[in-house]
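An overview of the molecular structure
Residues per chain are reported as follows:
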Amino acid sequence: MPRRFRSVHSLIAFCMLVFVALVPSVSSADISGTVKDLDTEEPIEGARVHVQADPDGTVVITGADGTFTLPINPVDPVIITAGVPYDPDATDNWTTNGLFSPVANGTTDVEIFLPKLPAADDPDYEPLTIDNSCSSCHGNQVADWMGTSHSIAAVDPWVLDLYSGTGTPGGSAGYVFRDTHDPDNTGFCATCHTPIAEAFNPGGVFLDEVTDPAALEGVSCIACHQIADVNENVDALHLLGNATYRFPEPTSFPTSQYVWGSLDDVTFGGMRASYNPVFADSRFCASCHQYNNPFTGAPGQNTYGEWLESPFAQAGPGFQSCQDCHMAELPPAQVCTQPFNPTRPSEQNHSHAFPTATAMNYGAAIDLTMDCVEENGTVRVTAAVENFGLGHAFPTGVSIRNALLVVEATWNGQTLSQIAGPTIPFYGSDDVPGVQPGDYAGQPGKGFAKVLEGRINGQGPTVRPVLFIDAEGVFEDTLIPAGETDVSELIFSLPSGAEPGDSVEVTARVLYRRAWRALAVTKGWTETPLGGPIELEVASADSSVTLIGSGAGILEIPTLGTWGLGLLASLLAVAGAWALRRR
């Protein structure tokens with residue numbers, strides 16, 4: 001071994017250096033080019049440029065001259081795309097686009113041409129049904145959507161029962177909006193329940209008169225994806241000040257191909273996609289899930305506001321948007337099944353099943369704990385209902401939804417009388433005389449609801465509960481905010497026959513109801529519009545208290561306080577002194 005190599009390690013290192021020097025290195029260079037307008041070839045400023053379907057990759061923004069330099073060194077050729085965030089106030093907007101063929105590491109003079117979005121809308125646009133448009137390329141998303149409340153929003157039998165009495169056989173019983181309001185009052189139900197009809201006549205559509213097949217698909221693909229913008233006026237009612245539809249005039253492409261979404265790198269020629277980041281923001285959902293009565297300002301839904309106040313809206317590792325919960329990530333797949341579309345990672349492939357309240361979902365988000373102790377002839381029950389897993393209040397949504405805490409204490413099968421603590425409000429029972437199974441009003445427990453009150457059609461006495469359209473104020477709001485716990489203390493008296501060693505059994509349940517019980521019974525509803533149960537038990541707790549001697553029928557040994565003990569000591573001292581003197 002030559003003297004210059006003092007060890008085997010130094011020899012190996014030398015050989016590696018020689019090998020690296022002799023083997024040609026892979027060239028390392030940026031990919032650069034220009035983003036231009038498809039028709040004018042003028043440069044486009046502010047375009048986001050990156051590798052397609054790579055949400056974690058480097059993104060660069062084009063300068064005033066439209067140029068970009070993407071500092072990446074891919075091993076394999078890649079598709080480069082460009083997209084400009086949609087701006088409703090801008091003179092010009094463009095749909096996304098990209099290269100038709102991959103480019104290699106170090107490619108320069110790349111040109112990406114973006115088609116300009118027509119500035120005018122088509123007044124004669126007739127939206128297509130899903131079968132004639134979306135399903136051919138997005139079959140998985142359509143299949144998910146078919147089982148959702150969104151898919152039946154325009155023909156929801158409960159909504160029609162409340163609106164016109166035409167949803168179910170018993171739908172005309174009780175409250176019917178059109179029977180109790182001025183003939184020209186639409187009630188604004190169509191604004192969110194059939195937005196494709198409403199888009200052409202905001203505020204002027206009667207829900208039960210909609211006949212267009214595409215509009216009858218409710219909150220369909222285009223009902224969301226042809227919304228161009230959702231502004232920050234979140235308390236406005238959808239199309240009446242919060243959301244804006246765009247139906248671009250058919251110039252180079254038919255109006256049905258123009259859509260908006262959260263992806264800035266769509267290149268499929270059969271769909272002209274515009275990028276709007278609001279689609280990935282909870283504010284997008286606020287368009288229909290946050291609003292006030294347009295006339296009185298009374299709250300309708302406040303789900304977005306509840307989320308804003310929740311821990312989930314805070315930046316950091318615990319952040320979760322509406323989409324994170326209600327549009328869960330799926331395994332990597334093609335979002336569009338047409339050839340040449342990329343496989344999207346999970347971050348860009350989301351379920352469109354929009355899960356809502358089920359026993360399993362709420363059971364995983366609502367916790368019930370209970371502490372029971374014997375006290376001076378009574379049993380004191382402390383019940384805590386914690387909303388630890390929902391990104392909004394419990395319950396949330398339209399005001400007919402409510403929940404109950406039902407508590408019962410028994411001794412030898414005998415129900416104990418409640419002598420203190422909250423009881424279940426009036427909405428825990430129906431309006432039928434007498435007590436039927438499922439009637440809990442007045443029983444030990446609590447209600448969780450937002451009870452709106454107002455005059456029907458602005459006339460007559462104030463009644464409660466009312467729907468948002470008649471609401472003039474809030475009578476009671478006992479919803480449990482996200483991340484908070486509601487604690488109730490209830491006290492039950494022990495009967496005279498209770499003895500030490502007896503047990504008192506205590507049960508507590510949290511019931512979620514999709515509608516006021518009186519409303520459901522009056523209308524004859526026995527299941528939800530999708531065939532689910534109207535009432536869900538989402539949490540329960542059981543406890544047993546073994547009596548130790550403070551029941552009403554138990555002989556109690558009195559105890560002395562500090563003053564009594566002092567007096568007793570004094571008396572004993574006097575008695576002792578007197579006894580000594582007698583000796």
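In case you missed it, the structure is sitting above this.
All residue numbers refer to positions counted from 1 along the written sequence of the respective chain. This being a predicted model, a pLDDT of at least 70 is required before a residue's local features are given, and a value of 80 or more before pairs of side-chain atoms are given or counted; all residues contribute to the totals for chains, interfaces and linings. Side-chain calculation: all heavy atoms of the structure are included, whereas hydrogens and water are not.

**Some words on the overall build of the protein**
Put simply, DSSP marks the helices as runs of H or I at least four residues long and the strands as runs of E at least two long, and each gets a number from the N terminus on. Summing up its helical and strand segments, the protein has 13 helices and 26 strands in all. Out of the 583 residues in the protein, the part that is buried amounts to 47%. Contacts are residue-level and defined by heavy atoms, with any inter-residue pair within 4.5 Å sufficient. Put simply, of all contacts in the protein between residues at least 6 apart along the chain, 66% involve residues at least 24 apart. Surface exposure here means Shrake-Rupley accessible area, sampled with a 1.4 Å probe, where a residue is shielded only by the protein chains that are shown. For the protein, the accessible area works out to roughly 28600 Å², and carbon and sulfur atoms hold 56% of it. Each residue gets one of three labels from its accessible area relative to the maximum for its type: buried under 20%, exposed over 50%, partly exposed in between, using a 1.4 Å probe on protein chains only.

**Concerning the layout of surface pockets**
Approximately 430 Å³ is the volume attributed to the second largest pocket. Lining the second largest pocket are 19 residues, and of these Asp431, Pro465, Trp516, Ala518 and Leu519 lie nearest its centre. Per element, the largest residue contribution to the lining of the second largest pocket is four residues, and it comes from helix H12 (residues 517–523). Residue type decides the class: Asp, Glu, Lys and Arg count as charged, Ala, Val, Leu, Ile, Met, Phe, Trp, Tyr, Cys and Pro as nonpolar, and the leftover types, Gly among them, as polar. In terms of residue class, the lining of the second largest pocket is made up of 13 nonpolar, three polar and three charged. The way it works is a 1 Å grid over only the protein atoms, where trapped points that fit a 1.4 Å probe form a cavity and open points with protein on both sides within 12 Å along at least five of seven lines form a pocket, and then any residue with an atom within 4 Å of a point lines it. Grid points are joined across faces, edges and corners, and a volume is the space filled by probe spheres set on the points.

**Brief notes about the sheet that holds strand E4 (residues 67–70)**
Two strands pair under a simple rule: DSSP has to find at least two bridges between them. In spatial order, the strands read E4-E1-E7; together these three strands make up an open sheet with mixed pairing. Either end of the sheet is taken by a strand with one partner, and the two such strands are E4 and strand E7 (110–114). If you compare each strand with its neighbour and ignore which way they point, the axes differ by 30° on average. Two elements, strand E1 (residues 31–37) and E7, share five bridges in a ladder whose sense is parallel. Each bridged residue has a counterpart across the sheet, and for Asp37 the counterpart in E7 is Leu114. Angles here are taken between N-to-C directions and fall from 0 to 180 degrees, while the axes themselves are lines fitted to C-alpha atoms, restricted in helices to the stretch in contact.

**Concerning the side chain of Asp502**
In this fold, Asp502 is placed in the loop between strand E24 (485–493) and strand E25 (503–513). Positive residues here are Lys and Arg, negative ones are Asp and Glu, while His and the chain termini are left out of the count. Salt bridges are defined as contacts in which a side-chain nitrogen from Lys or Arg sits within 4 Å of a carboxyl oxygen from Asp or Glu. One buried charged side chain, Asp502, makes no salt bridge at all; its nearest oppositely charged neighbour is Arg380, positioned 20 Å away. Here a polar contact is recorded for every N or O atom pair within 3.5 Å, except that within protein the pair must consist of a potential hydrogen donor and a potential acceptor, and residues adjacent in sequence are included only if both atoms are side-chain atoms. Separated by 3.1 Å, the side chains of Asp502 and Trp411 make a polar contact. Those residues in contact with Asp502 that sit more than four places away from it in its chain are Trp411, Gly497, Val545, Thr546 and Leu547.

**Brief notes about the environment of Ala364**
Relative to the assigned elements, Ala364 resides in the loop between helix H11 (359–363) and strand E16 (366–375). A C-alpha to C-alpha distance of 8.3 Å links Ala364 and Val538, two positions 174 residues apart in sequence.

**A word on the packing of aromatic side chains**
Stacked, tilted and edge-to-face pairs are distinguished by plane angle, under 30 degrees for stacked and over 60 for edge-to-face with tilted covering the rest, among Phe, Tyr and Trp rings (Trp via its six-membered ring) whose centres lie within 6.5 Å. Throughout the structure, instances matching the rule amount to 17 aromatic pairs. The interplanar angle of 15° and the centroid separation of 5.2 Å between the aromatic rings of Phe200 and Phe247 together place this pair among those described as stacked. Pair noted here: Phe200 is in the loop between helix H6 (195–198) and helix H7 (221–225) and Phe247 is in the loop between strand E9 (243–245) and strand E10 (258–261), with a separation of 47 residues, a long-range link. According to the relative accessible area criterion, Phe200 is partly exposed, its value standing at 39%. What makes Phe247 buried here is its relative accessible area of 6%.

**A look at the pattern of salt bridges**
With the rule as written, the count across this model stands at 17 salt bridges. Where Lys116 meets Asp92, a salt bridge forms, and the shortest distance between an N and an O atom there is 3.8 Å. Of this pair, Lys116 sits in the loop between E7 and helix H2 (139–146) while Asp92 sits in the loop between strand E5 (80–83) and strand E6 (97–98), placing them 24 residues apart in sequence. Overall, the relative accessible area of 33% leaves Lys116 in the partly exposed class. Judged by relative accessible area, Asp92 falls into the partly exposed class, the value being 33%. With a closest N to O distance of 3.2 Å, Arg178 and Glu209 form a salt bridge. You can see Arg178 sitting in helix H4 (residues 177–180) and its partner Glu209 sitting in the loop between H6 and H7, a full 31 residues away along the chain. For Arg178, a relative accessible area of 28% gives the class partly exposed. Through salt bridges that share partners, Asp37, Asp92 and Lys116 make up one connected network.

**Considerations on empty space enclosed by the protein**
Empty space among the atoms becomes visible once a probe the size of a water molecule is rolled across them. Applying the stated criterion across every chain, the model contains one cavity of 30 Å³ or more. Computed from the structure, the largest cavity encloses a volume of approximately 60 Å³. Around the largest cavity, the lining residues are Asn302, Glu306, Pro395, Thr396, Gly397, Val398, Ser399, Arg401, Lys450 and Leu479. A class-by-class count of the residues in the lining of the largest cavity yields three nonpolar, four polar and three charged.

**Let's talk about the nonpolar core**
In plain words, nonpolar cores are sets of buried Ala, Val, Leu, Ile, Met, Phe, Trp, Tyr and Cys residues tied together by side-chain atoms within 4.5 Å. By size, the foremost hydrophobic cluster in this structure holds 36 residues, and its most contacted members are Leu368, Phe394, Leu405 and Val504. Broken down by secondary-structure element, the contributors of at least two residues to this core are E16, strand E17 (378–387), strand E18 (402–411), E24, E25 and strand E26 (535–546). The residues touching Leu368, leaving out its near neighbours within four places in the chain, are Ala383, Ala384, Val385, Leu405, Ala508, Arg509, Val510, Ala539, Ser540 and Ala541. Counting 26 residues, the second-largest nonpolar core is a separate cluster that includes Ile196, Phe247, Tyr258 and Trp260.

**Details of unusual backbone geometry**
Cis geometry marks the peptide bond from Phe394 to Pro395, where omega comes out at -15°. The omega angle of the peptide bond from Arg464 to Pro465 is -5°, so this bond is cis rather than trans. Its place among the elements puts Pro465 in the loop between strand E22 (450–453) and strand E23 (473–477). Even without being a glycine, Asn376 presents a positive backbone phi close to 45°.

**As for the sheet that holds E17**
In space, the four strands of this open sheet follow the order E16-E17-E24-E20, with antiparallel pairing throughout. At either margin of the open sheet sits one strand with a lone partner, and together these are E16 and strand E20 (418–420). Neighbour-to-neighbour, the strand axes of the sheet open up by a mean angle of 30°, direction not taken into account. With two bridges connecting them, E20 and E24 associate as antiparallel partners. When the bridges of E24 are listed, Ala420 appears paired with Ile491.

**Comments concerning helix H8 (residues 282–289)**
Across the eight residues that make up H8, a large majority, six, are buried. Among the residues of H8, those classed as buried are Ser282, Arg283, Phe284, Ala286, Ser287 and Cys288.

**A word on the side chain of Arg517**
Tracing the backbone through its elements, the reader meets Arg517 in helix H12. There is a polar contact of 2.9 Å between the side chain of Arg517 and the backbone oxygen of Pro437. Discounting chain neighbours no more than four positions away, the residues touching Arg517 are Tyr427, Gly428, Ser429, Asp430, Gln436, Pro437, Gly438 and Asp439.

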